[in-house]
Structures are given as C-alpha cells and as structure tokens.
Amino acid sequence: MTNLSKKRCLIDTNILVAYINQSHPLHLKAKKLFQRILKKELKPVLSSQNLLELTAVLVEAFKISKQQAVKDVELFANDPLFEIIYPNHNVLNNFFSLMEKGISLHTVDAFLLATAMENRVEIIITNDKKWKKIKEITKVLLI
Amino acid sequence: MVIWYHMSQLIRTTITLPVDLYEKLRAVSFYQRKPISQLIREGAEKILPQKSKKVSMTLKDIEGKYRITGKKGEFNRSQFYDKLIKKKVSD
C-alpha cells in the first residue's frame, strides 16, 4: 500500500467515476481509496475541472438529469474532506509553458496538471497510464 | 403556519399567564377566530428547533450508486474531449 500520509493528492475524474459506478472495473480499488480518504490518511484535492467533468459524465454518459447530477457532484464539492482548487492566471501561464515544452499529455490533461502544480499538489491519483511519464509532479499513482 | 393535531395526540396541561398577556391572547383569539390553545401551540412551535426536512447525504451515499456497464460507465479524458471537439467543429 502506497504511503500517502497527509500528502496533497489530486483525485482524478476517472477515479470519481469508478467510485460512483458499481460496474466500473476499478470500483473496488476506488472504494478502498475513499476508505483511506474517510480515515484522513491523505489530503484529497479536487479541481473545479474534475467536478465539471464528473457532472458532464453523469449527464451525457449516465443520462442522469442535470438536477440529480448537481446533487451528486455537490456531495464531493461540499464535503469538508476535500479541498477544491481553481485555475487562476498563473495556471494559464503554467499551461502555456507546458504546451510550449510539448508535454506528452492531452491538452486538457495539461491544463489539469497546470492547476495541480499551482496548488502544490504532490500526488495525482488516476487510472490513466499516460500520466506516469510526467515529471512535473512529484508522483503519479495509478490504481 | 397551521399544524393540525388529532385529539389523541394532544395532552391537557395547565399554564399560568399574566393577566394582560391573557387578555391580549383573548383579543387575538377573537379576531383570528382561533382558540387560545391553538395560539399557544403556534407560539410554542415557533420557539422549538425545526426538524430538518433535508436528509443530509454523505459520500457513502454515492458509493456505487450507478451501474453503468461498458465504456459509457468509464471516463477517458482525451476521448471525452476529442469527441466533444469533433462535434463542435462539425456543427
């Protein structure tokens, strides 16, 4: 089990989706991660981008009403366990700089990385293997 | 706010009121056509903490809430945005 003790960990959207979807192949792993979050073993961080994406998944893919989707996403947004981070002007500059360097991530992933860097995120927890190559962040944990 | 009680849900008690308060209540009772006992019940309801109608949900309530199989039940950022961008460009 990876030592996440009190580390600022960004929980990627794919993990949030795995947590709420019982049929997701990584549901059990996501559930275990959330048990650790509830025990306060790490400092979970969510970006406004993650919450936007989760809302979009609920509405566009899960076909949930917009009203219900908001109620679900608010459970993450309003839970005091999570710190919500937002992009600012520095994030935009970081994003441009990452793009100029030709970062090997999708453009939208690069923006999430820029937001995480600006907000001193130490670990990104995701199931997207592309993140593993990224050196700009201390650690990427694949589940 | 009017709360209706069935007679079997009520208990009888004796309260002591200052004369002027009683007289004011009697006047309100007359003008509003409500018994004094109902006015007292309404006053008591106002000072007691309201029951929360909203059931507070937690993260546990959303754990495994959905059962969406296949790719629709997963999230791949690049595919998700690429699909969206293609749609926007073709519109």
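The coordinates are above.
Residues numbered from 1 in each chain as written. Chains lettered and ligands numbered in written order. Predicted model: local features only at pLDDT ≥ 70, side-chain atom pairs only at ≥ 80, totals over all residues.

### Overview of the pairing of strand β4 (residues 123–126) of chain A
All names here are of chain A.
For step 1, the next point in the chain: Here β4 shows no split at all, with Ile123 and Ile125 on one side and Ile124 and Thr126 on the other all buried.
For step 2, the next point in the chain: With 3 bridges connecting them, strand β1 (residues 8–11) and β4 associate as parallel partners. The residue bridging cysteine 9 from the neighbouring strand is isoleucine 123, located in β4. (Buried ≥ 20, exposed ≤ 12 C-beta atoms within 10 Å, placed from the backbone. Helix = DSSP H or I, 4+ residues; strand = E, 2+ residues; numbered from the N terminus. Pairing = 2+ DSSP bridges.)

### Considering unusual backbone geometry
All names here are of chain A.
For step 1, the next point in the chain: Backbone geometry places lysine 40, a non-glycine residue, at a positive phi of 60°.
For step 2, the next point in the chain: Turning to its location among the elements, lysine 40 is positioned in the loop between α2 (27–38) and β2 (43–47).
For step 3, the next point in the chain: In the Ramachandran plot, lysine 63 falls in the positive-phi region, its phi being about 60° despite a non-glycine side chain.
For step 4, the next point in the chain: Along the polypeptide, lysine 63 turns up in the loop between α3 (48–61) and α4 (66–77).
For step 5, the next point in the chain: Look at lysine 63 and you get exposed, because 10 C-beta atoms sit within 10 Å.

### Section: helix α6 (residues 107–118) of chain A
All names here are of chain A.
For step 1, the next point in the chain: Relative to the 16 Å expected for 12 residues at 1.5 Å per residue, α6 spans 17 Å between its end C-alpha atoms, a close match to the ideal helical length.
For step 2, the next point in the chain: Regarding α6, the residues found buried are Asp109, Ala110, Phe111, Leu112, Leu113, Ala114, Thr115 and Ala116.
For step 3, the next point in the chain: Of the residues one or two after α6, arginine 120 is the one with positive phi, at around 55°. (Expected span 1.5 Å × (residues − 1).)

Function cannot be read off these values alone, since they describe shape.
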